[in-house]
There are 2 protein chains.
Amino acid sequence: MNPLMSKEEINRDDDRLLEEAVAMLKKSGHRVTQPRIAILKALISEKGPIKIEDIHRRVSDRNCDLATVYRCIGAFEKIGIVRRCFFPDGSSLFEFIVGGDHHHHIICTSCRKVETIDVCVVDGLERLVHNRGYRNVSHMLEFFGVCENCAQSEDGKTD
Amino acid sequence: MNPLMSKEEINRDDDRLLEEAVAMLKKSGHRVTQPRIAILKALISEKGPIKIEDIHRRVSDRNCDLATVYRCIGAFEKIGIVRRCFFPDGSSLFEFIVGGDHHHHIICTSCRKVETIDVCVVDGLERLVHNRGYRNVSHMLEFFGVCENCAQSEDGKTD
DNA sequence: CTTGAGATTGCAAACCAATTGTAGTAACCG
DNA sequence: CGGTTACTACAATTGGTTTGCAATCTCAAG
Ligand SMILES: [Mn+2]
Ligand SMILES: [Mn+2]
Ligand SMILES: [Zn+2]
Ligand SMILES: [Zn+2]
């Protein structure tokens, strides 16, 4: 995200992303419903991986059921609107990926803060996998570690 | 795994790995119990990621409870005897990593077959993450795709 | 070898994220 | 506008994982 953008420009950008996602919904034969719009907005404004439960909390004032969030995210994943990420403990997060560049994350195992890594050296390897006969190749890469803040507060703990 | 090794040599190698894992157990202050030995043997003979339930199935004749498998694997993970891998659907597998080189996998999203990739281009990036102030840095990388067999049988399906 | 402290296990119950069934609602096509 | 039917809310259910606890096993000290 460009740090030079004003808030209006950011919101305009968010609107564009929403429109793009809505277009993908329609194109894949899905209906554009109020819960789906609300969930998409939550995903877009988060600008990073987010838990299903947190999505639900954000849209709950509009009374969108948790089961609906699960079903929508499932649909979004199939369509390619969101992508699944993992915590080292195995729990899943979902990230809005429409109109964004391929990237990966550093997740602090202590405070769960998420940082972005814009480099991806894995694309070359995907070709290698393709050459082994695999089709529909994708990959997932996450880095884990203890961030500077947490390392300081933890002092001499090995953890 | 060296394909030139005889079965006896492979078994000897498995025994060596078991001893090494047992040593790690002792060193970390854990007791060497019969269920733990059985689970370690199952992990070693599998030579790849395996589901908790499958581990339990393999050792069930010795009457090791499923809860015990969960607890042991949890301990093994902390000690560094096993490492967690992921299926694209979010389910977890565990792999014996003692005495083995760092590597990654290609998982067929159709038949769930697991292949090994011995190359890891990510090690360099870990240093980069470390330079960002992170400590205790690790990473996880998985490739997903449809293997040659499955692609053939699926014919023209887009999946 | 024997013994005791306490780590570990088996078993059953609890837990909780995720899924499912269904009747009602809302999207959207003509 | 209606009519079709995809979608949603709600509640019940599932299935993988965790937990509490009494019985058991490990292992080090004697
Ligand atoms: Mn991201
Ligand atoms: Mn492996
Ligand atoms: Zn942190
Ligand atoms: Zn396959």
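Before reading further, recall that the structure is shown in the block above.
Bear in mind the structure is a predicted one, so any value in this text is a computation, not a measurement.

### Thoughts on the packing of aromatic side chains
One pass over the structure, following the stated rule, counts one aromatic pair over all chains. Between A:Phe86 and B:Phe86, the aromatic rings sit 4.3 Å apart at their centres with planes inclined by 5 degrees, giving stacked as the arrangement. Remark: B:Phe86 occurs in strand β1 (residues 82-86) and A:Phe86 occurs in strand β1 (residues 82-86); the pair is interchain, linking two chains. You'll find A:Phe86 and B:Phe86 in the same group, each marked buried. Between the NZ or CZ atom of A:Arg112 and the centre of the ring of A:Phe87, over which it lies, the distance is 4.0 Å.

### A word on the coordination of the zinc ion (ligand 3)
All names here are of chain A. At the metal site, the zinc ion (ligand 3) is ligated by Cys-108 (SG), Cys-111 (SG), Cys-147 (SG) and Cys-150 (SG), and these contacts range over 2.2 to 2.4 Å. Coordination at the zinc ion (ligand 3) is tetrahedral, judged from the four donor atoms that bind it and the angles of 101 to 119 degrees they form at the metal. On the primary sequence, the residues serving as donors to the zinc ion (ligand 3) are separated as C-x2-C-x35-C-x2-C.

### Describing the relation of the copies chain A and chain B
Between chain A and chain B, the superposition needs a rotation of 180 degrees and an axial shift of 0.0 Å, giving an RMSD of 0.0 Å. Read as a symmetry element, the transformation amounts to a two-fold axis. The C-alpha atom lying nearest the rotation axis in chain A is that of A:Leu141; the distance is 2.2 Å.

### What to know about the interface of chain A and chain B
The parts lose accessible area when they come together, and the size of an interface is often stated as this lost area. Tallying the contact residues gives 37 residues for chain A and 36 residues for chain B. Sorting the residues of chain A by area buried against chain B places A:Arg132, A:Tyr134 and A:Phe143 first, and these three jointly supply 20% of that buried surface. Our count for the contact surface shared by chain A and chain B stands at two salt bridges. At the boundary of chain A and chain B, one finds 14 residue pairs in polar contact (both at pLDDT 80 or more). Looking at the side of chain A that touches chain B, the elements that each hand over two or more residues are β1, β3 (104-108), β4 (114-117), α5 (123-131), β5 (135-146) and α6 (148-154) of chain A. By residue class, the composition of the side of chain A that touches chain B is 19 nonpolar, eight polar and 10 charged.

### Details of the sheet that holds strand β4 (residues 114-117) of chain B
On the basis of which strands lie adjacent, the open sheet formed by six strands has the order β4(A)-β3(A)-β5(A)-β5(B)-β3(B)-β4(B) and mixed pairing. Strands with a single pairing partner mark the edges of an open sheet, and in this sheet they are β4 of chain A together with β4 of chain B. Taking each pair of neighbouring strands and ignoring which way they run, the sheet shows an average axis angle of 25 degrees. Strand direction decides the pairing type here: β3(A) and β4(A), joined by four bridges, are antiparallel. Bridging from a neighbouring strand, A:His104 pairs with A:Ile117 of β4(A). Contacts from α5(A) reach β5 of chain A together with β3 (104-108), β4 and β5 (135-146) of chain B, with the element oriented near 140 degrees to β5(A). The strands touched by helix α5 (residues 123-131) of chain B are β3, β4 and β5 of chain A together with β5 of chain B; relative to β5(B), the strand with the most contacts, the crossing angle is about 140 degrees.

### A word on the protein's contact with DNA strand C
In the neighbourhood of DNA strand C, 20 residues make up the surrounding shell, with A:Val32, A:Tyr70, B:Arg31, B:Asn63 and B:Thr68 lying closest. In the interface set of DNA strand C, defined as its atoms within 4 Å of the protein, sugar plus phosphate atoms amount to 70%. Taking A:Arg71, its side chain carries an N or O atom lying 2.9 Å from a base oxygen of DNA strand C. One of the backbone N or O atoms of B:Asp65 is found 3.0 Å from a phosphate oxygen in DNA strand C. With four residues, helix α4 (residues 66-79) of chain B is the single largest residue contributor to the surface near DNA strand C. Per-class residue counts for the surface near DNA strand C are seven nonpolar, six polar and seven charged.

### Considerations on the protein's contact with DNA strand D
Among the 20 residues in the neighbourhood of DNA strand D, the closest are listed as A:Thr33, A:Asn63, A:Thr68, B:Arg31 and B:Tyr70. Per the 4 Å cut-off to the protein, sugar and phosphate atoms form 72% of the nearby atoms of DNA strand D. Every element with two or more residues in the surface near DNA strand D is listed here: α2 (34-46) and α4 (66-79) of chain A together with α4 of chain B. The element best represented in the surface near DNA strand D is α4(B), accounting for four residues. Considered class by class, the residues forming the surface near DNA strand D number seven nonpolar, six polar and seven charged.

### Considerations on the pattern of salt bridges
When charged atoms on two side chains of opposite charge get close, those side chains can pair. All names here are of chain B. Taken as a whole and judged by the stated rule, the model has 20 salt bridges over all chains. A salt bridge links Arg-57 to Asp-54, with the shortest nitrogen-to-oxygen separation between them at 2.7 Å. In this pair, Arg-57 and Asp-54 are both assigned in helix α3 (residues 52-59), three residues apart and thus about one turn of the helix distant. On the basis of relative accessibility, which here comes to 51%, the residue Arg-57 falls in the exposed class.

About the thresholds
- Residues numbered from 1 in each chain as written.
- Chains lettered and ligands numbered in written order.
- Predicted model: local features only at pLDDT ≥ 70, side-chain atom pairs only at ≥ 80, totals over all residues.
- Heavy atoms only, no water.
- Phe/Tyr/Trp six-rings, centres within 6.5 Å; stacked < 30°, edge-to-face > 60°.
- Helix = DSSP H or I, 4+ residues; strand = E, 2+ residues; numbered from the N terminus.
- Buried < 20%, exposed > 50% of the residue type's maximum accessible area, 1.4 Å probe, protein only.
- Lys NZ or Arg CZ within 6 Å of the ring centre and 35° of its normal.
- Donors = N, O, S within 2.8 Å, 3.2 Å for Na, K, Ca; no water.
- Tetrahedral: all angles 85-135°; square planar, octahedral: opposite > 155°, others 65-115°.
- Least-squares fit on C-alpha atoms with pLDDT ≥ 70 in both.
- Contact = heavy atoms within 4.5 Å.
- Buried area = accessible area lost by both parts, 1.4 Å probe.
- Salt bridge = Lys/Arg side-chain N within 4 Å of Asp/Glu carboxyl O.
- Polar contact = N/O pair within 3.5 Å; in protein donor to acceptor, adjacent residues only side chain to side chain.
- Nonpolar A, V, L, I, M, F, W, Y, C, P; charged D, E, K, R; others polar.
- Pairing = 2+ DSSP bridges.
- Axes fitted to C-alpha atoms, helices over the stretch in contact; angles between N-to-C directions.
- Near = heavy atom within 4 Å.

Don't take any of this as a statement about function, it's just geometry.
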